[in-house]
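# Coordinates in review
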Amino acid sequence: MIREELSEVPEYVPGKSVEEIKRAYGLKRVVKLASNENPYGASPKVFEVVKNFRDFHVYPPKNPVELKERISEYVNFPEEMIVVGDGLDGVLENVFKMFVSKGDTVAIPIPTFPYYEILAKIYGARIKFLRRNENFETIEFDEKAKLTIICSPNNPTGNVENFEFVREVAESVKGVVFIDEAYAEFTEKRLTKLAEYENVIVGRTFSKAFGLANLRVGYAIMNENFAKEYMKVCPPFPISTLAILAAITALDDIEYVKRTVEKIVTERNRLEKALGKYFEVYPSEANFVYVEAENSDSVCYELERRGVIVRNLKNFRGVRNGIRISVGKPEENDFLLKTLEEIF
Ligand SMILES: *Cc1c(COP(=O)(O)O)cnc(C)c1O
C-alpha cells in the first residue's frame, strides 16, 4: 500500500548521540563533534523566556507576523518575502510541495546535504547530480531543471559557491534555484542578495549559529507571489509559540550570536591548521571542517571508542574517505586533537 516512490528513499541518518556512545563503550567523557550544533548553546535570554512560558494549551499563530518582521530586519528583505517553517528541513519540504511534480528534474551538486535527495525521491523527481571541481565548487547546471539546489557554505565540504556562477545559474535555468544558507552566519561570502531574483529562494535556520536546533525554526526569502503560495502548502501551525518567542529573543540578543560565531571561527582556523598533521584538510566557511584520509573508516571508529564522535561520510553520495568534524569549544577541540595524537 506504500507509495512506490518510497522504495527508492533512504532514511535520513543523524549523527550518533553522546548517550549512545557512552553506553556502547562505557565512557564517562564523550565529545560530540558530529551535528554542527553551536557548542555555546542559545542566548541565556532564551532560557528566561522558556522558563516563563505558560500557553501550552493554546495553538500557535498560523502566521507569526512578529517573527517575520524581525527576520525581515535581520536579512534586509521585505516582510512580504519572508516565510517560516519547522526548521529549514520543513521549509525545504514545502518548497518541494510547491514546485516538484513527479518526473520533474531536480538538480543537486554532490557531495551535499543528503535530505535534498531524499525529498526529490519522495516527490518522484528525476535527479540530475551536478559535478564540482577540486575545491568542491559547482561547475555545471541543468537549464531545464525545475529546481536546482545550491548549498553554500556546503554541508559537508564547507566551501562557498562563487557569487557570479550562482547568478549565472539563476539567469539561465527555467526553474527555481534554492540556495541553502544554513551556515550563512559563519561566512562573509553570502549569496543572500540573489534572493532579489524572482526565481531564487534563500533558506536559513536558527538551528546552527543561533543554537536553537531543538526548537525547529527555519525560514526562507522568496518573491511575494511564491510567499503567498507557500502559505497553501505549509502545514497549519508549523512552529510552536515557544519556538517563535525563542527565535525572536535570540534575534534580540544578536550580540551573543556574534560573539559565539567569532569564537567558533577562531577555533575553526586553529583546527584547520592542527588537523593538517593527520588529514587532507579543506578550507571551511562554516562551523565544521571537512577532511579526507585513506583510512577514514578506522579513524572514525578509533575516535568513537575513545569518546570523540565525528561524522563519517562513507554513505554520502560523491564523498570518498571524507570525515566532517564540527567545531567545538576549545577544550573539546583539544580533546579531539589529543585523541588523534594518541591514535596516530
Ligand atoms: C542543518 C541543516 C539543515 C537543517 O536545518 P534545520 O533548520 O535544523 O532543519 C538544512 N540544510 C543544511 C545544509 C544543514 O546543514
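Description of the structure in this document. (Residues numbered from 1 in each chain as written. Predicted model: local features only at pLDDT ≥ 70, side-chain atom pairs only at ≥ 80, totals over all residues. Heavy atoms only, no water.)

### A look at the pattern of salt bridges
- In the structure shown here, the tally under the stated rule is 27 salt bridges.
- With its nearest N and O atoms 3.0 Å apart, the salt bridge here joins Glu 164 to Arg 167. Taken as a pair, Glu 164 and Arg 167 lie in helix H6 (residues 163-172) at a separation of 3 residues, close to a single helical turn.
- Residue Arg 167 is classed as partly exposed on the basis of its relative accessible area of 26%.
- Measuring nitrogen to oxygen at the nearest pair gives 2.7 Å for the salt bridge that ties Arg 306 to Glu 302.
- Here the salt bridges do not stand alone but share partners, grouping Glu 302, Arg 305, Arg 306 and Glu 342 into one network. (Salt bridge = Lys/Arg side-chain N within 4 Å of Asp/Glu carboxyl O. Helix = DSSP H or I, 4+ residues; strand = E, 2+ residues; numbered from the N terminus. Buried < 20%, exposed > 50% of the residue type's maximum accessible area, 1.4 Å probe, protein only.)

### Section: the environment of Arg 190
- Its location among the elements puts Arg 190 in the loop between strand E6 (176-180) and strand E7 (200-205).
- Owing to a relative accessible area of 38%, Arg 190 belongs among the partly exposed residues under this scheme.
- Spatially, the C-alpha atom of Arg 190 lies 17 Å from that of Thr 112, the residues being 78 residues apart in sequence.
- Ignoring any residue separated from it by four or fewer positions in sequence, one finds Arg 190 in contact with Phe 163, Glu 181, Ala 184, Glu 185 and Arg 204.
- A distance of 2.9 Å separates the side chain of Arg 190 from the backbone oxygen of Ala 184, its partner in a polar contact. (Contact = heavy atoms within 4.5 Å. Polar contact = N/O pair within 3.5 Å; in protein donor to acceptor, adjacent residues only side chain to side chain.)

### Notes on helix H10 (residues 296-305)
- Those residues of H10 that sit buried are Ser 296, Val 299, Cys 300, Leu 303 and Glu 304. Buried residues of H10, seen end-on, are gathered within an arc of 130° and therefore sit on one face of the element.
- Looking at the buried positions of H10, the neighbouring elements they touch are helix H1 (18-25), strand E11 (308-309), strand E12 (311-312), strand E13 (322-326) and helix H11 (330-343).
- Positive phi appears at Gly 307, one or two residues downstream of H10, with a value of about 100°. (Arc of directions from axis to C-beta.)

### Section: the sheet that holds strand E9 (residues 280-282)
- Ordered in space as E9-E10-E13-E12, the 4 strands form an open sheet in which the pairing is antiparallel. Each edge of the open sheet carries a strand with a single partner, namely E9 and E12.
- Pairing analysis gives 3 bridges linking E9 to strand E10 (residues 288-292), with the strands arranged antiparallel. Across the sheet, Glu 280 pairs through a bridge with Glu 292, a residue of E10.
- Taken strand by strand, helix H9 (residues 254-275) contacts E9, E10 and E13, and its axis lies near 10° from that of E10. (Pairing = 2+ DSSP bridges. Axes fitted to C-alpha atoms, helices over the stretch in contact; angles between N-to-C directions.)

### Thoughts on the site of the ligand
- Lining the immediate surroundings of the ligand are 14 residues, of which Leu 88, Asp 180, Tyr 183, Thr 205 and Lys 208 lie closest.
- A distance of 2.5 Å separates an oxygen atom of the ligand from a polar atom in the side chain of Thr 205.
- Protein chains bury 94% of the 390 Å² of accessible surface belonging to the ligand in isolation.
- Per-element tally for the shell around the ligand: the top contributor is helix H4 (residues 87-99), with 3 residues.
- In the shell around the ligand, the residues fall into 6 nonpolar, 4 polar and 4 charged. (Near = heavy atom within 4 Å. Areas by Shrake-Rupley, 256 points an atom, 1.4 Å probe, with all protein chains shown as cover. Nonpolar A, V, L, I, M, F, W, Y, C, P; charged D, E, K, R; others polar.)

### Overview of the packing of aromatic side chains
- Tallied over the entire structure, the rule returns 18 aromatic pairs.
- Look at Phe 206 and Tyr 219: their rings are 5.7 Å apart centre to centre, the planes differ by 55°, and that puts the pair in the tilted class. With Phe 206 in the loop between E7 and strand E8 (218-221) and Tyr 219 in strand E8, the pair connects residues that are 13 residues apart, well separated along the chain.
- Residues Tyr 278 and Phe 279 carry aromatic rings whose centres are separated by 6.2 Å and whose planes lie at 65° to one another, so their mutual orientation is edge-to-face.
- A relative accessible area of 14% means that Tyr 278 is categorised as buried.
- Its relative accessible area of 8% is what places Phe 279 among the buried residues.
- Linked through ring pairs, Tyr 12, Phe 113, Tyr 115 and Tyr 116 together constitute an aromatic cluster.
- A cation over a ring is seen here: Arg 29 above Phe 335, with NZ or CZ 4.3 Å from the ring centre.
- Arg 324 extends its terminal NZ or CZ atom over the ring of Phe 288, reaching a point 5.8 Å from the ring centre. (Phe/Tyr/Trp six-rings, centres within 6.5 Å; stacked < 30°, edge-to-face > 60°. Lys NZ or Arg CZ within 6 Å of the ring centre and 35° of its normal.)

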